[in-house]
Amino acid sequence: MSTSTPVNTNGTKASNAAKPSKAGAVADWADSRLGLATAMKKNLRKVFPDHWSFMLGEIALWSFVVLLLTGTFLTLWYRPSMGETVYHGSFQQLNGLEMSEAYSSTLNISFDVRAGLLMRQMHHWAAMLFIAGMMVHLLRVYFTGAFRKPRELNWVIGCLLLLLGTLEGFTGYSLPDDLLSGTGIRAADGFIKSMPVVGTYISFFLFGGEFPGDSIIPRLYTVHVLLIPGVLLGLIAAHMLLLVYHKHTQWPGPGRTNENVVGYPMLPVYAAKAGGFFFIVFGVTALLGGFLSINPIWRYGPYNPSEVTAGSQPDWYMGWPDGLLRIMPGWESNFWGVTIGWNVLVPIIIMPGVMFTILLMLPFIESWITGDKRDHHLLQRPRNAPTRTALMVALMTFYGISWMAGGNDIIAIVFHLSINSITYFNRVAVFLGPIIAFIITRRWCISLQRHDNETLLHGYETGVIMRDASGGYTEKHLPLPVADQYTLTARDRDEIYQIESATDENGVQAPGTRKERLRASLSSWWYRNNQQKPTRAELEAAHHHAADEAAHDAPLVGQRADGHQFDGRHGTEGDDLAHHKD
Amino acid sequence: MSIDHEQRTGSELVAAEPDPVPDPGMEEHLPRPTDVDPIAERRAERQVATLFGLSVLFTLGFCVAYFAIKIKGRTDPPHIFGWGASNVALGGCLGIALLLIGTGAILWARKLMGDHEIMEMRHPARSSDEDREEALSALSLGTEESGIARRPLIRNSMLAAMGALGLPAIVALRDLGPLPGKKLFHTVWTEDMPIVQDVTGTKIKASDMQVGQLVNAEPGVFYDAFTPPGGGTTVEVPEGVTAQEDRAKAAIVVVRMDPDAITPAKGRADWGVNGILVFSKICTHVGCPISLWEQQTHHLLCPCHQSTFDLADNGKVIFGPAGHALPQLPIKVDEDGYLVAQSDFTEPVGPSFWERG
Ligand code: HEM
Ligand code: FES
């Protein structure tokens, strides 16, 4: 079957080939040289399923475009130099001060270039949106199981994008060379020096000598405007190509199966909606840049290595390792004439690496445990994968507690608590919190699954209370519409991984059996207590029962208890209802 | 109700179980008001065009604001609600112009463009078996013709040649920076170097310091060339990069405490002057300059991650993530009673590193 032509549509008109026109001549010219038609015939009417959550990735994509545009504007005036200069610009408070050219040119952009401040603020706001957009998009992909085969590689690309985006944000944040960002660079130098054996060498190579030197800003600039954006661009292109190749996942529903994709065509509906959304994201960043001040570097002053502002905080996406840094005990080992500073190494070098590796491996860990090798194009509701959902919530809890620990000084001031007790609390919470979150989430998911099954079998609660002949009360349940019933049951049964046979014909243990047994028990832990959807027979039996009940209730429909039994002014002796015990 | 967990393989399930509820198929397409009512259709058309038209106005507004609103000469540039007028006007106009285009396009798509959902079959991401076979045979034919498998000598020498190219890629980066050497172990402090207030550069007289006072200070060589009183080579005032690097390591705090409160470690009894002690200002955690002094408790708190050091107890860490005490600078007074250093720090200042030992 051809995959590019719509084989089924709920529309009434077939799409017609375009009539030749003036534009046709241009098209002919281009196609004769580029052969565009072949690619276009496949993709112009490509189907994209619709759901609000599919927009989250677009936020990230479009804010990246805004970053490219505004960033390019900034490069026209920004000077990546640590050379000393005396400021004589429009901002009076800093007039006559010595500062780096980087800082003075950023002041210049903010105060003397028209629309410069707007572009700076838009650039920074777009960076926030970019990173936040990627994070929320990642959560959407994870919680709905969209990372499963065949999309694992796109998950990996997405994780790399998040990592690079974060680094890009850090390098950009450092460029203005104000007191706050300079303090950040100095801390980064401390992080690097904590690496065993190579730390001091990397630090000296990076800074061109001792901190601060005069090379770090120009080098970060190259990384910020050339190296990382180039790699990001390539990865985003690959991300999009794979998306088109795999076709978008979709939610199950009537007519939407694992073998097809239902939605609107690329041209015109999706193009208009996605294109329109670009302008929305762009517009929102412009409004943010126009009305909300961000990173007012003129308030911090130029960088001075012997000063620091109280309450120094990195940008929010750097907050969680900063929090780990704060709650880590001050462990340091000295032996054989060398030093290892665990207090810095663990929270800032090792933990981010570990977290990133876990994130990257999630699809592979899950598919190994479950032994699932099938292609999946239908999304799952988070409740239908309780362990997976709980795992991410546990990771988010870890992230959240670490992040909060990064604001321990602010929390202490706002809530009048001692920094010490907050720190001790966080040291425990960072371990216990994720475990508790895991347990609660898993149970919650399972009870939601149970509720779904109840609804399927006994119908949904109508809120109508019925009184039967013997005085008992029941709530009236009505069966779900068939389409909803189908949607709720359009999911796979969980299959616990089974070892094929522990020993081969000769009774010898097959190689890898140990591993297989681990896998089998992990798999049964993974699916334990999950509720499976009812079978057709069970559904039919339940509906049959419901029909009986409806017949039984029929004479009562239209009557209701008048409520006078409870108002205290009417005797209730002999009233069945008041004494009714179940 | 509970449904027992069933352990069956996928193929069995497919064979054994029909969908619990049969697929009712795609919903019927319901026409929108704009599909059936020409008036609604024309109204929608006007709405979309109005949005696009308004956008042009706001774009022009941006241009007008660009030229009309003055930003230079900070004496008194115009403000709106305390905001720079130019920024608000430019951002507001641009933002609204863009949002109008966005909403126009989406409205157009929703109300007027065909809204028939279409269905497409998926194909597996994998290539077909024939394609795989063809690809493999093309690959082996190519490999065969190149003879790379049959001629290990060529293969290995080529791999060696290409692998060796990795070296220049690394070697060429050598000049990124000098080797660390012993640089991290030294600062500009030397014997008899005056201790001066930072910013003003004035010398500090021991008798002028109050108990409980903290002064941020620097080596005097940042202000005047320094010649050791006993004679010797003059150290010039550092300039440019060197000045920044020296400043980053040499910053100190001078504190005066009640001498009875101080418990000097072994060998440090004569490192202070009448309860005046000097410590590095650079946090031993990751290197923030420390600034918060609680004179009652003699605690110095780092604003970055709240490491707290007890200056009455040799700069020991009493709370927070720092791994070792703040280095102390041994001091004395010169013949006029001004504070000077006895020597450089006896250990590296700032965060720890592998070679620190
Ligand atoms: C893709 C992700 C990017 C992120 C996350 C990002 C982030 C940032 C951030 C947070 C700043 C600090 C802004 C401030 O001063 O408040 C910055 C500055 C800067 N960025 Fe980017 N940026 C990105 C891409 C780009 C690109 C593609 C360019 C150029 C082609 C660019 C050019 C600049 C310049 C010149 C500055 C310094 C000017 C200034 O600070 O005012 N950026 N960036
Ligand atoms: S730098 Fe001082 S506590 Fe981290």
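Residues numbered from 1 in each chain as written. Chains lettered and ligands numbered in written order. Predicted model: local features only at pLDDT ≥ 70, side-chain atom pairs only at ≥ 80, totals over all residues. Heavy atoms only, no water.

An unreviewed UniProt entry lists chain B under the name Cytochrome bc1 complex Rieske iron-sulfur subunit, with Nocardioides mangrovicus given as the organism. The UniProt entry for chain B carries this comment under Subcellular location (unreviewed entry): "Cell membrane". On record in UniProt, under Cofactor (unreviewed entry), the comment for chain B is "[2Fe-2S] cluster". (UniProt positions renumbered as here; feature names shortened; annotations may be inferred.)

Under an unreviewed UniProt entry, the name given to chain A is Cytochrome bc1 complex cytochrome b subunit, and the organism recorded is Nocardioides mangrovicus. The Subcellular location (unreviewed entry) comment attached to chain A in UniProt states, word for word, "Cell membrane". Taken verbatim from the UniProt record of chain A, the Catalytic activity (unreviewed entry) comment is "a quinol + 2 Fe(III)-[cytochrome c](out) = a quinone + 2 Fe(II)-[cytochrome c](out) + 2 H(+)(out)".

Asker: I'd like a description of the overall build of chain A, backed by residues and values.
Answerer: Secondary structure assignment for chain A yields 20 helices and nine strands. Counting every position in chain A, which comprises 582 residues, the buried fraction comes to 49%. A separation of at least 24 residues holds for 75% of the contacts in chain A among residues at least 6 apart in sequence. (Helix = DSSP H or I, 4+ residues; strand = E, 2+ residues; numbered from the N terminus. Buried < 20%, exposed > 50% of the residue type's maximum accessible area, 1.4 Å probe, protein only. Contact = heavy atoms within 4.5 Å.)

Asker: Account for the UniProt feature "transmembrane region" (unreviewed entry) in chain B, naming residues and giving values.
Answerer: Residue and element names in this part refer to chain B. Under the local residue numbering, the UniProt record ascribes the feature "transmembrane region" (unreviewed entry) to residues 48-69, 89-109 and 153-173. Here residues 48-69 is 95% helix and 0% strand, with 31 Å between the C-alpha atoms at its ends. Across residues 153-173, the secondary structure splits into 86% helix and 0% strand, with the terminal C-alpha atoms separated by 32 Å.

Asker: Any details on the site of ligand 1? Residues and values, ideally.
Answerer: Residues and elements named next belong to chain A. In the vicinity of ligand 1, 25 residues are found, and the nearest of them are R120, H123, H124, H224 and N295. Here an oxygen atom of ligand 1 sits 2.6 Å away from a polar atom, N or O, in the side chain of H124. In this structure, a nitrogen atom belonging to ligand 1 sits 2.7 Å away from a side-chain N or O atom of H224. Going through the elements one at a time, helix 3 (56-75), helix 5 (116-143), helix 6 (152-174) and helix 9 (216-246) are the ones with two or more residues in the shell around ligand 1. Among the elements that make up the shell around ligand 1, the one with the highest residue count is helix 3 (seven residues). Here the residues of the shell around ligand 1 are counted per class, giving 13 nonpolar, 10 polar and two charged. (Near = heavy atom within 4 Å. Polar contact = N/O pair within 3.5 Å; in protein donor to acceptor, adjacent residues only side chain to side chain. Nonpolar A, V, L, I, M, F, W, Y, C, P; charged D, E, K, R; others polar.)

Asker: Would you mind going over a nonpolar patch on the surface in detail, with residue names and values included?
Answerer: Residue and element names in this part refer to chain A. A contiguous nonpolar surface patch, about 700 Å² in accessible area, is contributed by V428, L432, I435, I436, I439, I440 and W444. Relative to the assigned elements, I436 resides in helix 16 (residues 419-458). Among the residues examined, I436 registers a relative accessible area of 46% and is labelled partly exposed. (Patch = residues over 30% accessible without salt bridge, like charges linked within 9 Å, V, L, I, M, F, W, Y side chains within 5 Å. Areas by Shrake-Rupley, 256 points an atom, 1.4 Å probe, with all protein chains shown as cover. Salt bridge = Lys/Arg side-chain N within 4 Å of Asp/Glu carboxyl O.)

Asker: Go over the coordination of the iron atom of ligand 1 with me, naming the residues and quoting the values.
Answerer: Angles between donor atoms at a metal ideally measure 109.5 degrees for a four-coordinate tetrahedral arrangement and either 90 or 180 degrees for a six-coordinate octahedral one. All names here are of chain A. Taken together, H123 (NE2) and H224 (NE2) make up the protein donors of the iron atom of ligand 1, found 2.0 Å from the metal. For the iron atom of ligand 1, the six donor atoms in the first shell make angles of 87 to 179° at the metal, a pattern classed as octahedral. Of this pair, H123 sits in helix 5 while H224 sits in helix 9; the two residues are 101 residues apart in sequence, bridging distant segments of the chain. H224 sits in the buried class, given a relative accessible area of 11%. (Donors = N, O, S within 2.8 Å, 3.2 Å for Na, K, Ca; no water. Tetrahedral: all angles 85-135°; square planar, octahedral: opposite > 155°, others 65-115°.)

Asker: How would you sum up the sheet that holds strand 5 (residues 214-219) of chain B? Please name residues and give values.
Answerer: Residues and elements named next belong to chain B. With respect to topology, five strands assemble into an open sheet ordered 4-5-6-7-12, the strand pairing being antiparallel. Each of the sheet's edge strands pairs with one partner strand only, and the pair in question is strand 4 (195-197) and strand 12 (328-329). Inspection of the sheet shows strand 5 paired to strand 6 (residues 252-256) by four bridges, in the antiparallel sense. If you follow L214 over to strand 6, its bridge partner there is V255. (Pairing = 2+ DSSP bridges.)

Asker: Hey, could you go over the state of the cysteines for me, with residue numbers and the actual values?
Answerer: Residues and elements named next belong to chain B. Applying the stated criterion across every chain, the model contains one disulfide over all chains. Residue C288 pairs covalently with C304 via a disulfide, S to S 1.9 Å. In this structure the cystine formed by C288 and C304 twists about its S-S bond by roughly -85°; its chirality is therefore left-handed. Here the residue C288 occupies a position in the loop between strand 7 (276-280) and strand 8 (292-294), and C304 occupies one in the loop between strand 9 (299-301) and strand 10 (308-310), the gap between them amounting to 16 residues. C304 shares its class with C288; the two are buried. (Disulfide = S-S within 2.5 Å.)

Asker: Lay out empty space enclosed by the protein in plain terms, naming residues and giving numbers.
Answerer: Over the atoms, a rolling probe the size of a water molecule traces out where space has been left empty. What the rule picks out here adds up to three cavities of 30 Å³ or more. Taken as a whole, the largest cavity holds about 170 Å³ of empty space. Surrounding the largest cavity, 15 residues form its lining, R186, D189 and K193 of chain A together with K249 and P351 of chain B being those nearest its centre. Elements that contribute at least two residues to the lining of the largest cavity include exactly helix 7 (179-193) of chain A together with helix 8 (240-250) of chain B. In terms of residue count, helix 7 of chain A provides more of the lining of the largest cavity than any other element does, three residues in total. When its residues are assigned to classes, the lining of the largest cavity shows eight nonpolar, two polar and five charged. (1 Å grid on protein atoms, 1.4 Å probe; cavity = no way out; pocket = protein on both sides within 12 Å on 5 of 7 lines; lining within 4 Å. Points joined across faces, edges and corners; volume = space filled by probe spheres on them.)

Asker: Give a detailed account of the side chain of T166 of chain A, specifying residues and quantitative values.
Answerer: Its location among the elements puts T166 of chain A in helix 6. Those residues in contact with T166 of chain A that lie beyond four places of it in its chain are I131, Y317 and M318 of chain A.

Asker: Let's hear about a positive patch on the surface: which residues, and what values?
Answerer: All names here are of chain B. Side chains of R42, R43, R46 and K111 sit close together on the surface and give a patch of like positive charge. Sorting elements by how many residues they give to the positive patch places helix 3 (residues 38-68) first, with three residues. In this structure, K111 sits in helix 4 (residues 85-111). With relative accessibility at 32%, the residue K111 sits in the partly exposed group. (Lys, Arg positive; Asp, Glu negative; His and termini not counted. Charge placed at Lys NZ, Arg CZ, Asp CG, Glu CD.)

Asker: Describe the interface of chain A and chain B, listing the residues and the values that go with them.
Answerer: Interfaces are often described in size by the accessible area the parts lose on coming together. Tallying the contact residues gives 141 residues for chain A and 102 residues for chain B. Interface of chain A and chain B: buried area, both sides summed, is about 10800 Å²; carbon and sulfur atoms make up 62% of it. Here K247 of chain A makes a salt bridge to E120 of chain B, at a shortest N to O gap of 3.8 Å. Our count for the chain A to chain B interface comes out at 31 residue pairs in polar contact (both at pLDDT 80 or more). With 16 residues, the top contributor of residues to the side of chain A that touches chain B is helix 10 (residues 266-291) of chain A. Looking at the side of chain A that touches chain B, its residues break down into 59 nonpolar, 53 polar and 29 charged. (Buried area = accessible area lost by both parts, 1.4 Å probe.)

Asker: Describe in detail helix 1 (residues 22-34) of chain A, supporting the description with residues and values.
Answerer: In a regular helix each residue adds 1.5 Å, so 13 residues correspond to 18 Å; helix 1 of chain A covers 19 Å between its end C-alpha atoms and thus fits that length. With its phi angle positive at about 60°, G35 of chain A sits one or two positions after the end of helix 1 of chain A. (Expected span 1.5 Å × (residues − 1).)

Asker: Outline the sheet that holds strand 11 (residues 316-319) of chain B, listing residues and values.
Answerer: Residues and elements named next belong to chain B. An order of 8-9-10-11 is seen for the four strands of this open sheet, with the pairing classed as antiparallel. The outermost strands of the open sheet, each flanked by one partner alone, are strand 8 and strand 11. This sheet shows a mean twist of 30° between the axes of neighbouring strands, independent of strand direction. The pairing of strand 8 with strand 9 spans three bridges and is antiparallel. Looking across to strand 9, one finds that W293 is bridged to L300. (Axes fitted to C-alpha atoms, helices over the stretch in contact; angles between N-to-C directions.)

Asker: Any chance you could break down the pattern of salt bridges for me, citing the residues and the numbers?
Answerer: Note that side chains of opposite charge can pair when their charged atoms are close. Applying the stated rule across the entire model yields 25 salt bridges over all chains. Beyond isolated ion pairs, a larger network of salt bridges with shared partners links R256 of chain A together with E27 and E117 of chain B.

Asker: Can you break down the domain arrangement of chain B residue by residue, with the values?
Answerer: Along its sequence, chain B is organised into domain 1 (5-176) and domain 2 (183-341). A straight line from the C-alpha centre of domain 1 of chain B to that of domain 2 of chain B covers 57 Å. (Domains from an automatic or database assignment.)

Asker: Requested: an account of the nonpolar core, with residues and values cited.
Answerer: Counting 67 residues, the largest nonpolar core has F130, W155, L359 and M392 of chain A as its most contacted members. In terms of residue count, the dominant contributor to this core is helix 5 of chain A (13 residues). Residues contacting L359 of chain A, with those up to four places away along its chain left out, are L138, W155, C159, L162 and M392 of chain A. One finds A217, V221, I252 and L329 of chain B within the second-largest nonpolar core, a separate group that totals 23 residues. (Core = buried A, V, L, I, M, F, W, Y, C linked by side-chain atoms within 4.5 Å.)

Asker: An account of the packing of aromatic side chains is requested, with residue identities and associated values reported.
Answerer: Enumeration according to the criterion identifies 23 aromatic pairs over all chains in this entry. When the ring of F207 of chain A is compared with that of F211 of chain A, the centres are 5.6 Å apart and the planes differ by 65°; the resulting orientation is edge-to-face. Like F207 of chain A, the residue F211 of chain A is buried in the burial classification. Feature note: the residues W62, F278, F279 and F282 of chain A constitute an aromatic cluster, connected by ring pairs. R519 of chain A extends its terminal NZ or CZ atom over the ring of Y497 of chain A, reaching a point 4.3 Å from the ring centre. Geometry around Y338 of chain B places K203 of chain B over its ring, the cationic atom sitting 5.7 Å from the centre. (Phe/Tyr/Trp six-rings, centres within 6.5 Å; stacked < 30°, edge-to-face > 60°. Lys NZ or Arg CZ within 6 Å of the ring centre and 35° of its normal.)

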